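Survey of secondary and tertiary structure
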Amino acid sequence: MDGVRRVVDEMYVRVLADPELTHFFDGVPMEKLARMQTEFIASITSGDIQYTGADLTKVHAGRGITGVHFSKFCGHLTDALEANNVSSHAIDQVLGKLAMYSDKITGSSNVDG
Ligand code: HEM
């Protein structure tokens, strides 16, 4: 969990510095978000951890998140994983799992992605 948390913190530094993504996080309690995101990523990469946060479809609905935003977000995660010396094989596995959630994240705004 500590390793995942390091990666997640680094990812959100990059996401918040991205002019196309930062406004989505205005007013969002980032400490709680980082905690839940850590739990979520840990849960999809290890069978021992259970995600206890909000339903991903509900929490992202109505925010106007497109496939382009989703891809950029995953790009920042990739950079954060690389910066923490995660192997490219393991990175591919994480990205492959996350790709399965893209419909939940982008919802009905998935028009251009
Ligand atoms: C693989 C992609 C993604 C995953 C796995 C993911 C996962 C999560 C998780 C676990 C939460 C916390 C839920 C809770 O508080 O219980 C969350 C919240 C949030 N996500 Fe995502 N997310 C993804 C992509 C995105 C993208 C691309 C955006 C916007 C560009 C985004 C914007 C948000 C916002 C604004 C919240 C905070 C909601 C709130 O607390 O009010 N997410 N996400």
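Starting afresh in each chain, residues are numbered from 1 along the sequence in its written order. Side-chain atom pairs in this predicted model are given and counted only at pLDDT of 80 or more, local residue features only at pLDDT of at least 70, and totals for whole chains, interfaces and linings cover all residues.

Let's talk about the overall build of the protein chain
- A tally of helices and strands in the protein chain yields six helices and zero strands.
- Written out in order from the N terminus, the α and β elements of the protein chain read α-α-α-α-α-α.
- Scaling as 2.2 N^0.38, a compact globule of 113 residues should have a C-alpha radius of gyration of about 13 Å, and the protein chain matches this with 13 Å.
- Seen through its principal axes, the protein chain has C-alpha atoms that stretch 30 × 25 × 25 Å.
- Exposure is read from a count of other C-beta atoms within 10 Å of each residue's own; the residue is exposed at 12 or fewer, buried at 20 or more and partly exposed in between. C-beta atoms are placed from the backbone. Residue burial in the protein chain is summarised as follows: out of 113 residues, 17% are buried.
- Across the protein chain, the fraction of contacts at a sequence separation of at least 24, relative to all contacts at a separation of at least 6, is 73%. Strands are runs of DSSP state E lasting at least two residues, helices are runs of H or I lasting at least four, and both sets are numbered from the N terminus onward. We compute the radius of gyration from the C-alpha atoms alone; for a globule the expected value is 2.2 Å times N to the 0.38, where N is the number of residues. C-beta atoms are placed from the backbone for every residue, and two residues are taken to be in contact when these atoms lie within 7 Å.

Comments concerning the site of the ligand
- Whether a residue is near a molecule or strand depends on its C-beta atom, placed from the backbone, lying within 6 Å of it. M36, F40, G53, A54 and F73 are the nearest of the 22 residues found near the ligand.
- The set of elements that each furnish at least two residues to the shell around the ligand consists of α2 (30-45), α3 (56-60) and α4 (67-83).
- Ranked by residue count, the leading element in the shell around the ligand is α2, at five residues.
- Tallied by class, residues from the shell around the ligand come to 17 nonpolar, four polar and one charged. Polarity classes work like this: nonpolar for Ala, Val, Leu, Ile, Met, Phe, Trp, Tyr, Cys and Pro, charged for Asp, Glu, Lys and Arg, and polar for all others, with Gly in that last group.

Here's the deal with unusual backbone geometry
- One non-glycine residue with positive phi stands out, namely N85, at about 60°.
- With respect to the helices and strands, N85 occurs in the loop between α4 and α5 (88-99).
- With 6 C-beta atoms packed within 10 Å, N85 lands in the exposed category.

Remarks on the nonpolar core
- By convention the nonpolar core is taken to be a set of buried residues drawn from Ala, Val, Leu, Ile, Met, Phe, Trp, Tyr and Cys and joined through C-beta atoms within 7 Å. Among the nonpolar cores identified, the biggest contains 14 residues, and V7, V8, M11, L77 and A80 are the most heavily contacted of them.
- Put simply, the parts of the chain that give this core at least two residues each are α1 (2-16) and α4.
- In terms of residues, this core owes the most to one element, α1, which gives six residues.
- Each residue touching A80, except ones within four places of it in the same chain, is listed here: V7, E10, M11 and R14.

Some details on the confidence of the model for the protein chain
- Residue-level confidence of the predictor is summarised by pLDDT, bounded by 0 at the bottom and 100 at the top. In the predicted model, the protein chain carries a mean pLDDT of 93, and 95% of its residues have values of at least 70.
- Averaged over each element, pLDDT in the protein chain is lowest for helix α6 (residues 102-106) (95) and highest for α4 (97).
- In the model output, the complex is listed with pTM 0.93 alongside ipTM 0.96.

A short note on the UniProt feature "binding site: heme" (unreviewed entry) in the protein chain
- The positions that UniProt labels "binding site: heme" (unreviewed entry) are, in the present scheme, H60.
- With respect to the secondary-structure elements, H60 resides in helix α3.
- By C-beta crowding, H60 is classed as buried, having 20 other C-beta atoms within 10 Å.
- Not counting residues up to four positions away in its chain, the partners in contact with H60 are I65, K104, I105 and G107. UniProt positions are given in the numbering used here, feature names are shortened, and annotations may be inferred rather than shown by experiment.

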